[in-house]
Structure formats: structure tokens, C-alpha cells
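# Examining the three-dimensional arrangement
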Amino acid sequence: MVAEWWVRIAAKSAGIDPGLARWRAAWAATVSLGGALVAEYFLAPLFFAGHGAMTAMLVGGVAAMQGSAAVLQPTVRERVRFALWQPLAAATGLVTAVLVREYSGFAGQMVVCVLVTFVAVVIRRFGAPYAILGLLGWAGYYMATVFRPVPADLPYLLWAELIAGACTGLLSLTVFRHRPRASLGHAVRGWNAQAEAALRCAVGVLEAPGERRRAGLRRHYARLSGTALTVEGWLAHPTAASDAAHAASIRRELLESQHSIDVMVGSVLALSEEADASLPSGGSGRERARARAFGMLRPLTRGDHAAAREEALLAMAQPPDAQAPPVATGGEPDVSGAREAGAFDRPTEEAAEHVRRLAGAVVAFADSGLNWHVMGTAQDGECPDAGDFAPVVVVGAAGALPGVAGTMAVAMPDGPQAEGARTLGLPARYAIQAALAVGLAIVLGYLVSPEQYFWSIITVFIILLGPTTRSQILVKGVQRAVGTLLGCLAAIPLAALLHGGPAPVICVVLVSCLLGHYLTSLSYAYLAFFITVSLFQLYDLMHQYEPSLVPLRLTETLLGTVITIAVTALILPVRAHNTVALERAGAFHAIGELLDELATANRSRGSGSTELHAKARAVDDSTRRLAAALAMRPSWTRPSRARVRSEINQHRVLATRLRELSVSAERGRGVPSATRARVLRGLAHTARTTGSRSASMTRSVVPGHQQHEPVASVRRLLDALPPAHAAAATPTGGAAGEGPLP
């Protein structure tokens with residue numbers, strides 16, 4: 001029983017976080033923080049005698065937490081190099097702040113803080129490792145601003161930074177080993193878990209059709225593409241798969257399994273919508289068709305692929321008017337004499353076709369599900385052209401898929417400040433915004449509280465750390481304000497409960513670090529909440545907690561949020577619509593490339609399939625990137641949100657249709673067709689032309705309601721594609737894998 005529950009929990013976690021990207025980042029930050037705190041505490045008598053361990057623990061712990069990215073680097077050399085640079089970067093900021101505070105006034109401190117902020121941000125142009133080093137330097141400067149050490153304290157603070165760097169390096173070489181094969185296996189299990197979740201939703205739709213359940217099914221179904229791309233990203237690591245043939249085999253089988261899910265979901269949605277239509281004729285026939293579909297899908301939700309395959313083969317072998325039990329309210333088919341009595345009408349022709357297609361997809365999915373995820377060597381003869389295997393996307397160090405920052409870096413800005421923005425480049429624009437915002441936060445925050453003005457500084461820097469566009473910054477600013485407010489409300493009774501005890505406070509800090517980093521991908525408000533809770537417990541631990549800190553913290557946070565939003569909106573603003581135009585162009589270019597490959601496959605059967613698989617995955621990735629770019633645009637009204645959803649859905653539907661054609665072409669279904677090849681070539685040219693035109697489009701050129709029309713046009717032309725003749729039969733005589741699209 002315990003083992004069964006553990007398997008369920010593991011499958012559930014894999015479905016929530018396939019590839020463990022969120023968990024890996026959160027766990028690395030928490031363990032690095034905890035390891036540094038423990039090391040600093042036990043080494044305090046040796047290195048911090050006469051100074052107390054608390055300040056050293058916090059300074060070193062923050063540096064270790066910020067430098068936890070070192071433990072996620074893929075090679076030992078990179079991890080060691082990063083661990084060596086970590087104390088140097090943090091110590092540079094720390095020493096600079098101490099010396100400036102000692103030998104200059106408030107004006108000098110403000111100027112140097114602005115310069116440190118500018119350097120910490122502009123250094124991002126050299127890559128992710130430099131961005132982390134810049135963050136470490138800025139964090140060291142900030143910690144010195146908070147604790148106000150004097151030059152005499154520098155030796156033990158530098159020892160704290162060295163100990164933190166040693167802890168990070170040691171953890172990176174022991175606890176956090178780079179295991180791409182295990183991560184690939186977890187991503188595969190995540191895909192299986194999400195597929196089963198989608199199928200459970202499909203069973204629920206068959207039991208009780210309704211728009212709410214159909215919407216839930218569509219949401220679960222939409223997550224599968226991102227998880228499949230995560231699997232693709234882990235295949236980029238040389239040691240994840242046994243060899244190139246094995247990697248190509250995993251990609252092919254996953255693509256075919258995803259196509260089977262496409263057909264199953266589309267068929268279930270079609271049967272459900274027919275049931276809701278409540279047509280007077282064929283009502284019981286449609287009920288019988290849904291019962292047949294229910295009987296095929298229910299075993300899949302339990303992982304019983306063999307039983308599902310048997311039910312599907314039975315459904316494909318029986319004539320359309322064979323009797324089938326209806327779906328009972330309790331969830332299982334009602335077999336009470338239904339077959340013997342013949343009490344049901346024949347299903348409608350459309351419903352029977354949906355059932356036939358669903359059965360073919362269930363057979364294909366069950367067959368692939370029995371073997372494709374086995375982490376063994378590809379069989380001889382599999383993917384004979386896989387020697388040129390190249391991944392479409394590569395996951396980051398933590399296992400997350402890349403965003404659209406690269407596209408934003410080349411997106412041409414417009415407006416009155418366009419020429420200057422083009423000259424500066426994206427990192428310099430961010431650096432100027434951050435420096436100006438930090439300068440204003442220092443001045444205005446000092447007016448609010450000369451002792452606690454640094455809260456407005458950290459608010460500005462943290463908000464600008466991730467988002468890029470004005471709307472993203474506005475959303476993150478609001479989330480930080482809300483999270484801080486809720487954190488203050490939770491911290492007050494918690495502080496009264498813990499009474500500043502060292503052990504419980506440290507436990508709260510570590511748990512808050514873990515949960516905050518894990519949930520921050522859902523909303524930054526979670527991280528702001530847990531950080532606020534931790535800070536107040538630390539203040540209580542150092543006997544500096546006062547009730548007046550709560551409104552002061554809220555005021556400084558709100559001030560920093562307002563400053564950040566104002567500066568990014570007025571000074572060299574980064575707008576999303578140019579990035580959207582480039583990502584839209586990239587999506588159409590990927591569509592054109594795949595259509596060209598499909599034209600080649602239709603002209604000459606038996607050609608290599610690796611390129612076809614890769615370009616089908618490239619369409620999925622371009623669709624994901626376009627959706628991410630569209631999410632950056634402000635959608636304050638219901639019509640604007642509806643337009644964004646419509647365009648994303650159009651691209652997803654087109655990607656599904658192209659995946660269907662790719663799988664059919666790879667299976668060699670049909671004879672070579674010059675007519676289909678010519679049509680596909682023409683569609684490829686149309687897609688590339690649309691992409692080139694989209695690259696130069698802005699909001700002022702194309703109205704929002706017209707931006708998804710080219711996608712719908714290509715989809716309609718694909719639907720009108722001349723059929724492939726002599727379709728290859730399935731083992732039971734039906735053509736599998738072609739069905740309605742969700």
C-alpha cells in the first residue's frame with residue numbers, strides 16, 4: 001500500500017513539474033542556504049570570535065542562496081569555476097559598500113549604489129553566468145547597506161563569503177550531481193502523468209458532457225506540448241540518451257503518442273458536443289457511441305494499456321450497429337441486458353466515425369506506451385537516419401525551457417526614443433532603467449525612513465530582475481505588493497508564536513525559501529509572501545522587531561513598486577508588440593519549413609524521417625514561444641484577452657493538424673502524390689511570405705482581430721488538401737490516426 005501511494009505521489013509530482021525544473025531550482029537554493037547557515041554557525045568560534053555569528057550567517061547565507069545557480073551547471077569545471085568566482089563577486093560589493101559608507105556621505109553612497117546597480121545589470125550582456133555574478137555583487141553591496149558594518153568587521157565578513165562559496169562548491173560536487181538521464185526519465189514520467197490526467201478529463205467529459213468539463217480537458221491537453229518539448233530539451237544532453245538513434249526513437253515515439261492523444265481528445269470533444277446538441281434523431285445511438293468511447297478510455301486512466309487495446313480492437317472489429325452499453329451515472333458502463341435486448345438505436349454516422357478514429361488512436365497509444373519510454377538502446381533498424389539527430393530546443397541549467405529574451409534582444413523598438421534604444425541594446429536599456437529607479441528609490445525612500453529606506457531599493461531591483469516589458473513589470477509590482485501585505489499579516493502572529501527562538505526561526509526561513517522558490521513560477525506573490533515572513537522572523541531573532549516595521553515595510557515596498565513602474569514606462573520602455581511580431585514570423589517560418597518537408601515526403605515515400613520529426617517539434621516550440629510573447633502584452637479588457645486566446649488557439653490547432661500530417665507521412669501512409677506535394681509547396685511559400693510580412697508588422701499596421709487570420713487561412717487550405725490514396729491499413733483494417741482536432 002505504501003509503495004502504491006508513493007508511486008502515485010511521484011507520478012503526480014512529475015505531472016506538475018516534468019523534468020524537475022522548479023524543484024531543482026528551489027531545492028538548490030534551500031540546501032545552499034541551509035548548508036551555509038550551518039557551516040557559518042559551527043565555524044563561528046574559529047573565524048567570528050568576538051563578533052557574533054548572526055550577521056556572518058545571514059551575509060554568507062544570502063550569498064550561497066544567490067549563488068545556488070552554481071550547483072546547477074552541467075559540467076564539473078563550470079561548477080568549480082563558479083564556486084571560485086562567487087565569494088569574489090560578493091566580497092567586491094561588500095567591501096565597496098563598507099568603504100563608501102566609511103569615507104563618504106549620503107550623496108556618495110547614493111551615487112555608488114546607482115553605479116553598482118548599473119554594472120550589475122549591464123553585465124548581463126555577456127551571458128547568464130555574468131548575470132549571476134552581477135547579482136552576487138549587488139547582493140553583497142545591499143547586505144552591507146542593511147547591516148552597516150565598519151571596516152574592522154571586513155575580515156570576518158570576508159571569511160563568511162569564503163565559507164559560503166566553499167559550501168556551494170562542495171554541494172555542487174556531491175549532492176547536486178548533473179544527471180541528465182534521470183531528468184529525462186522524470187520528464188517522460190511527467191508526460192505520462194499529464195497524458196493520463198488529460199484522459200481522465202476525457203472520461204469525465206464522456207460521463208457528463210458540458211462546456212466546463214470540455215474547458216478543463218482543453219487546459220490539460222494544452223500542457224502536453226510543453227512537456228513534450230521538455231523531453232526534447234533533455235535529449236540535447238549527450239548522456240541523456242544512449243546514442244543518437246535512441247534519442248531519435250524517443251522523439252519519434254513521443255510524437256506519435258502525442259498525435260494519438262490529439263485524436264482521442266478531438267474525438268471525445270466531438271462526441272460530447274454532439275451529446276449537448278440534443279438532436280431528436282440518433283440520441284440513443286450517440287449515447288451508445290459515447291459508451292463505446294468510455295470503455296476504451298477508462299482502462300488508459302488506470303495505466304492498463306493492454307485492456308484498452310483489447311477494447312479498441314473489439315470496437316474496430318464490430319460493425320457500426322453492434323450494441324454497446326450506455327454510460328451509467330456511477331462512471332462504469334451499464335451492461336444490464338443491453339447487448340441482449342438490442343435496446344439502442346444505431347449511432348449517427350458521424351459518431352460512429354469518431355469511435356472508429358478513437359479506437360485507432362487508442363491502439364496506437366497503447367502500443368507506443370508499452371515500449372517507447374523504456375530507457376534502453378534503440379533497436380537495430382530504428383531511425384536509420386538518426387545519425388544527424390539535433391535537438392530543436394535545449395533546456396537551461398535548471399531544466400526549464402528557454403523564454404523569448406533572445407528575440408527581445410533583436411526586436412527593434414519604436415517611438416520617440418527608438419534610435420537611442422537601438423544603439424544601446426537591451427541590457428544597457430535595462431541597466432539605465434534600473435540605475436535611475438534605484439536612485440529615485442534611495443532619495444524618496446530616505447525621506448520616508450532614513451533607517452529603512454533600503455526596502456524600496458530591494459523592491460526596485462527585484463522587480464526589474466526578471467520581467468522586461470511594461471505590462472510584465474506592472475504585474476510583478478502588483479504581485480510583490482500583494483505578497484508583502486499578506487506576508488506582513490502572517491508574520492505578526494507567527495513571530496508571537498516563535499518568540500525569536502533560533503531553531504524554529506531558521507526552520508521557518510528554510511521552509512519559506514523552498515516554498516517561495518518553488519511557487520514563484522506560478523506567481524511572484526508567493527516568493528514575496530515567504531520572504532516577508534522570513535524577514536520579520538529574523539528581525540525578531542535579532543531583537544529588532546517592532547510593530548511599526550509593518551506599515552513602514554508596506555510603504556517602502558509600495559514606493560519602490562510605483563517608482564519601478566513609472567521609470568520603465570517613461571524611460572526607454574521595452575514594448576512587447578515588436579517581440580510578438582518576430583515570434584509570429586518565426587512561427588510561420590517553422591510552419592513553412594515543415595510544409596516543405598511534408599511536400600518532399602509526399603513526392604517520394606520512404607525518405608528519412610528525422611528531419612520531419614524535428615521540424616514538427618520546431619512548430620510546437622515556435623507556437624510555445626509565440627504564446628509566451630503574447631502573454632507579455634497587456635490585456636486589460638475582455639476583448640483583448642479573447643483575441644490573444646484566439647490567436648494562440650489557432651496556432652495550436654494548426655500545429656496539431658501539421659503533427660497529424662507528419663505522422664501520416666512518416667508512417668508511409670498513401671502513395672507518392674505530386675498534386676499534394678505541389679499544394680504543400682505552395683502552402684509553404686504562403687507561410688514564409690506571411691512570416692516575412694509579420695516580421696515588419698506593428699500594432700499600428702495590423703489590427704489585433706486580423707492577426708490570427710493567416711493561421712486560419714493555412715488551416716483551411718490544409719483541410720482542403722487532396723487526400724492521399726491507398727492509405728495503409730491498421731492491423732484491424734482501419735486507417736488510424738486521422739481524426740477531429742481539439
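See the structure printed just above.
The notes below deal with the structure included here. (Residues numbered from 1 in each chain as written. Predicted model: local features only at pLDDT ≥ 70, side-chain atom pairs only at ≥ 80, totals over all residues. Heavy atoms only, no water.)

All right, on to the side chain of E232 then. The residue E232 is located in helix α9 (residues 211-234) in this model. Note on E232: relative accessible area 2%, which makes it buried. The residues contacting E232, other than those within four sequence positions of it, are R251, A390, P391, V392, V393 and R617. (Helix = DSSP H or I, 4+ residues; strand = E, 2+ residues; numbered from the N terminus. Buried < 20%, exposed > 50% of the residue type's maximum accessible area, 1.4 Å probe, protein only. Contact = heavy atoms within 4.5 Å.)

The next point concerns the nonpolar core. Ranked by internal contacts, the top residues of the largest apolar core, which has 74 residues, are F48, W138 and Y142. In terms of residue count, the dominant contributor to this core is helix α17 (residues 426-448) (9 residues). Ignoring anything within four residues of it in the chain, the contact list for Y142 reads F454, W455 and I458. If you look at the next biggest cluster of nonpolar residues, it comprises 50 residues, including V205, A240, A361 and V363. (Core = buried A, V, L, I, M, F, W, Y, C linked by side-chain atoms within 4.5 Å.)

This next bit is on the packing of helix α18 (residues 454-463) against helix α19 (residues 470-498). Where α18 meets α19, the axes come as close as 10 Å, and the angle between the chain directions of the two elements is 140 degrees. The angle between α18 and α19 places the two elements in the oblique class. With respect to the hand of their crossing, α18 and α19 are arranged in right-handed fashion. Mapping the contact onto sequence places I458, T459, I462 and I463 in α18 and I473, K476, G477 and R480 in α19. (Axes fitted to C-alpha atoms, helices over the stretch in contact; angles between N-to-C directions. Parallel < 35°, antiparallel > 145°, perpendicular 65-115°, else oblique. Left-handed = near helix turned anticlockwise from the far one by under 90°.)

Time to look at the packing of helix α3 (residues 54-66) against helix α6 (residues 128-147). Following both chains from N to C, one finds α3 and α6 inclined at 160 degrees, their axes separated by 9 Å at the closest point. Taken together, α3 and α6 sit at an angle that is classed as roughly antiparallel. In the crossing of α3 with α6, the sense of the turn from one axis to the other is right-handed. Contacts from T55, L58, V59, V62, A63 and Q66 of α3 reach α6 at I132, L135, L136, A139, M143 and F147. Taken together, the residues of the contact of α3 with α6 break down into 10 nonpolar, 2 polar and no charged. (Nonpolar A, V, L, I, M, F, W, Y, C, P; charged D, E, K, R; others polar.)

This part is about the pattern of salt bridges. Counting across every chain of the model gives 20 salt bridges. Among the ionic pairs, E211 bridges to R214, the shortest N-O distance being 3.1 Å. Of this pair, E211 and R214 both sit in helix α9, 3 residues apart, roughly one helical turn. Here D620 makes a salt bridge to R617, at a shortest N to O gap of 2.5 Å. With a gap of 3 residues between them, D620 and R617 both fall in helix α24 (residues 610-631), about one helical turn apart. In this structure, D620 and R617 share a single accessibility class: buried. Salt bridges here are not isolated pairs; linked through shared partners, they connect E211, R214, R218 and E273. (Salt bridge = Lys/Arg side-chain N within 4 Å of Asp/Glu carboxyl O.)

What follows deals with the environment of L582. In this fold, L582 is placed in helix α23 (residues 577-603). For L582, a relative accessible area of 26% corresponds to the partly exposed category. For the pair L582 and A629, spaced 47 residues apart in sequence, the C-alpha separation works out to 9.4 Å.

Here we take up helix α12 (residues 305-317). Its 13 residues place the ends of α12 18 Å apart at the C-alpha level, agreeing with the 18 Å of an ideal helix rising 1.5 Å per residue. Buried within α12 are the following residues: H305, A308, A312, A315 and M316. Take α12 and look down its axis: the buried residues cluster within an arc of 95 degrees, on one side only. Exposed and facing more than 90 degrees away from the buried side of α12 are A306, E310 and A317. (Expected span 1.5 Å × (residues − 1). Arc of directions from axis to C-beta.)

Okay, the packing of aromatic side chains next. Using the criterion set out here, one finds 14 aromatic pairs in the structure. Judged by centre distance (5.7 Å) and plane angle (65 degrees), the rings of Y446 and Y453 are edge-to-face. Relative accessible area serves as the criterion here: at 31%, Y446 is assigned to the partly exposed category. Classification of Y453 as buried rests on a relative accessible area of 8%. An aromatic cluster is defined as three or more aromatic residues linked by ring pairs; in this entry it consists of F106, W138, Y142, Y446, Y453, F454, W455, F461 and Y539. One cation-aromatic arrangement involves R22 over Y518; the distance from NZ or CZ to the ring centre is 4.9 Å. (Phe/Tyr/Trp six-rings, centres within 6.5 Å; stacked < 30°, edge-to-face > 60°. Lys NZ or Arg CZ within 6 Å of the ring centre and 35° of its normal.)

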